[in-house]
Each structure stands twice: as structure tokens, then as C-alpha cells.
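Coordinate analysis (summary)
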Amino acid sequence: MTHHHPHDEKHSEVVKGEKTSYWRRYKIKYPPRRRGISMFLVTLLILAGITALIVWLVYRPNEPKFRVVSAAVYDLNTTTPPFLFANMQFTLITRNPNKRVSFYYDRLSAFVSYRNQAITPPTMLPPLYQETKSTVALSPVLGGAGVPVPVSPEVSNGLGMDEAYGAVPLRLILTGRIKYKAGSIRTDHHDIYVECDMLVGLKKGFTAGPVPLLGVGVGVGSPPIDCKVDA
């Protein structure tokens with residue numbers, strides 16, 4: 001014959017009371033209506049994510065392509081260290097390879113660097129809209145206006161040696177924001193970073209004007225110069 005200890009019955013009642021109290025608190029804290037709204041919002045977010053994924057897979061936007069096709073140097077003066085005066089112009093071709101996606105560019109800014117140091121101040125470019133399967137040319141003039149840029153002795157000395165050699169490695173950098181548009185769908189703005197490494201034929205006592213593009217490294221590559229794009 002099984003005997004129930006009074007303590008066991010009391011413990012059972014306590015446990016049962018705790019469970020009842022827990023579920024009562026749960027129902028008060030999360031009434032059915034609020035739980036229903038939460039489930040609806042979760043479902044809505046899931047459906048929105050699936051829709052965005054489907055749209056992305058259908059359109060699959062490719063990054064824009066940038067190329068430097070010509071360069072001109074009007075001034076490159078290192079005779080007043082630690083300042084440098086530079087005035088240059090580059091023509092870039094940007095290509096939208098997408099059939100269904102167009103681009104909006106905003107807050108575009110360009111500058112030139114040498115040995116990882118800026119040698120022209122940033123120049124703001126106007127906003128740009130690029131249609132599908134289209135090509136747009138940009139020809140920003142960088143530096144000039146008598147604006148000096150402080151540089152290190154390494155830059156001043158390096159430019160002197162490279163000009164004596166007849167080949168100066170330069171990097172054109174373009175930054176800004178880009179937004180994708182596919183039909184009535186528009187994405188948020190994304191940062192875009194374009195880096196164009198080139199070698200220009202430039203010697204001491206040069207005549208201001210167009211300079212040849214040699215590629216990256218002496219005798220390597222030929223115009224146009226392909227740029228790296230991160231968007």
C-alpha cells in the first residue's frame with residue numbers, strides 16, 4: 001500500500017501554484033491580441049526579406065566600371081617644401097553594365113595621391129544619374145587655384161626622382177555615395193570608393209598639357225587604365 005507523505009502533497013501544491021502563477025503572469029504580460037500583432041509583424045518582416053531577396057536575384061546589379069582614358073598635368077611644383085602645388089585633369093569613363101538597374105551618384109569627391117599622400121585637395125563633383133547600359137565621361141580638374149598641399153620630404157624627393165626617370169606613379173581616388181534603381185525599387189545609399197593606379201609619362205621641365213598613360217609599372221599596361229571599385 002502506497003503512503004503519501006503530507007510534505008509531498010504540499011510540495012506538489014507549491015509547484016502547481018508556481019506554474020499557475022507563471023502562466024497567469026505570461027497571459028497578463030502578453031495577452032493574445034499583443035501576441036497576434038507580434039506574430040503578424042514577424043511574418044511581415046520575413047515576407048519583406050524574401051521579396052527583397054527575390055528582387056535582388058532577378059536583377060543582380062553589377063558594380064559600375066571606371067576607367068581613366070587620359071591625363072593632363074598643368075602644374076606640379078615641389079620647389080617650396082613642405083608644400084606642393086599641383087594642377088591636373090583626368091578623364092574617366094564610367095560604365096553601367098546592367099540591363100535593368102540604373103545608378104544615382106551623390107557627394108562625389110576626387111583627389112590625387114602620390115605614395116599614399118594627397119597632393120591635391122578634394123574636389124566636389126556634381127550629382128550624376130546613370131541610365132542602364134550607358135557610359136558617362138567625367139573630366140574633373142584637380143588642384144590649381146594656387147592652393148598648396150603640405151607634403152612630407154619623402155613625397156618631394158620621390159617626385160623629383162620619378163620625374164628625372166620620366167615615369168610618375170599617381171593614384172586617382174573617387175569617393176561618394178551610390179544608389180541603385182530597378183523599376184520603382186530604390187535601394188538606400190551605399191558608399192562607393194574608386195581607386196585608379198596609373199603611371200604617367202612626366203619629366204622635369206615638362207610642358208603643361210596632356211601626358212601619356214603608361215599603366216602601372218614601367219612599360220606595363222596601356223590606356224585605358226582600369227580602376228578598382230568598391231560599392
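Structural data are supplied above this passage.
Attention in this report is confined to the structure presented alongside it.

What counts and how
- Residues numbered from 1 in each chain as written.
- Predicted model: local features only at pLDDT ≥ 70, side-chain atom pairs only at ≥ 80, totals over all residues.
- Heavy atoms only, no water.
- Patch = residues over 30% accessible without salt bridge, like charges linked within 9 Å, V, L, I, M, F, W, Y side chains within 5 Å.
- Areas by Shrake-Rupley, 256 points an atom, 1.4 Å probe, with all protein chains shown as cover.
- Salt bridge = Lys/Arg side-chain N within 4 Å of Asp/Glu carboxyl O.
- Helix = DSSP H or I, 4+ residues; strand = E, 2+ residues; numbered from the N terminus.
- Buried < 20%, exposed > 50% of the residue type's maximum accessible area, 1.4 Å probe, protein only.
- Pairing = 2+ DSSP bridges.
- Expected span 1.5 Å × (residues − 1).
- Contact = heavy atoms within 4.5 Å.
- Phe/Tyr/Trp six-rings, centres within 6.5 Å; stacked < 30°, edge-to-face > 60°.
- Lys NZ or Arg CZ within 6 Å of the ring centre and 35° of its normal.

Taken together, the side chains of I37, F40, L41 and L44 define a hydrophobic patch exposed on the protein surface, amounting to about 400 Å² of accessible area. Here L44 lies in helix α2 (residues 32–59).

Omega for the peptide link from P81 to P82 comes to 5 degrees, which places this bond in the cis form. Within the element layout of this structure, P82 appears in the loop between β1 (65–80) and β2 (83–95). You will see that K133, though not glycine, has its phi angle at about 45 degrees, which is positive. Considering the arrangement of structural elements, one finds K133 in the loop between β6 (128–130) and β7 (135–138).

Moving on, we come to the pattern of salt bridges. Side chains that differ in sign of charge can pair as their charged atoms come close. For the structure shown, the criterion picks out 5 salt bridges. The closest approach of N and O atoms between D106 and R177, which form a salt bridge, is 2.9 Å. Placement of D106 in strand β3 (residues 102–114) and of R177 in strand β10 (residues 168–182) is noted, with a sequence separation of 71 residues between them. On the basis of relative accessibility, which here comes to 23%, the residue D106 falls in the partly exposed class. Here the salt bridges share partners, and the residues they tie into one network are R171, E195 and D197.

Right, let's talk about the pairing of β3 for a bit. In the sheet, β3 pairs with β10 via 10 bridges, with the strands oriented antiparallel. Each bridged residue has a counterpart across the sheet, and for S102 the counterpart in β10 is K181. Judged from the 3 bridges that link them, β3 and β6 form a sheet pairing that is antiparallel. Residue pairing in the sheet places F103 in a bridge with Q130 of β6. Bridging between β3 and strand β5 (residues 123–124) involves 2 bridges; their strand directions are antiparallel. Bridge pairing in β5 places A110 opposite T123. Note that β3 and strand β4 (residues 117–118) share 2 bridges and pair antiparallel.

This brings us to helix α3 (residues 153–165). For α3, which comprises 13 residues, the first-to-last C-alpha distance of 18 Å matches the rise-based estimate of 18 Å (1.5 Å per residue) to within 8%. Every buried residue of α3 is accounted for by V155, S156, G158, L159, G160, D162 and E163. Looking at the buried positions of α3, the neighbouring elements they touch are β1, β2, β3, β4 and β10. Directly beyond the C-terminal end of α3, a positive phi value near 95 degrees is found at G166.

Moving on to the packing of aromatic side chains. A full pass over the atoms with the stated rule returns 4 aromatic pairs. A ring pair is formed by F103 and Y180, whose centres lie 5.4 Å apart and whose planes are at 75 degrees; its orientation type is edge-to-face. One end of the pair, F103, is in strand β3; the other, Y180, is in strand β10, with 77 residues separating them in the sequence. Owing to a relative accessible area of 0%, F103 belongs among the buried residues under this scheme. Judged by its relative accessible area of 9%, Y180 is buried. Between Y104 and Y129, the ring centres sit 4.7 Å apart and the planes meet at 40 degrees, which makes this aromatic pair tilted. Residue Y104 is located in strand β3, and its partner Y129 is located in strand β6; the two are separated by 25 residues in the primary sequence. According to the relative accessible area criterion, Y129 is partly exposed, its value standing at 37%. The rings of F66, F103, Y105 and Y180 are connected pair by pair, giving a single aromatic cluster. Just above the ring of Y104 sits the side chain of K179; from NZ or CZ to the centre is 5.7 Å.

Following the sequence through the fold, E131 ends up in the loop between β6 and β7. When the C-alpha positions of E131 and N98 are compared, they lie 8.9 Å apart, and in sequence the two are 33 residues distant.

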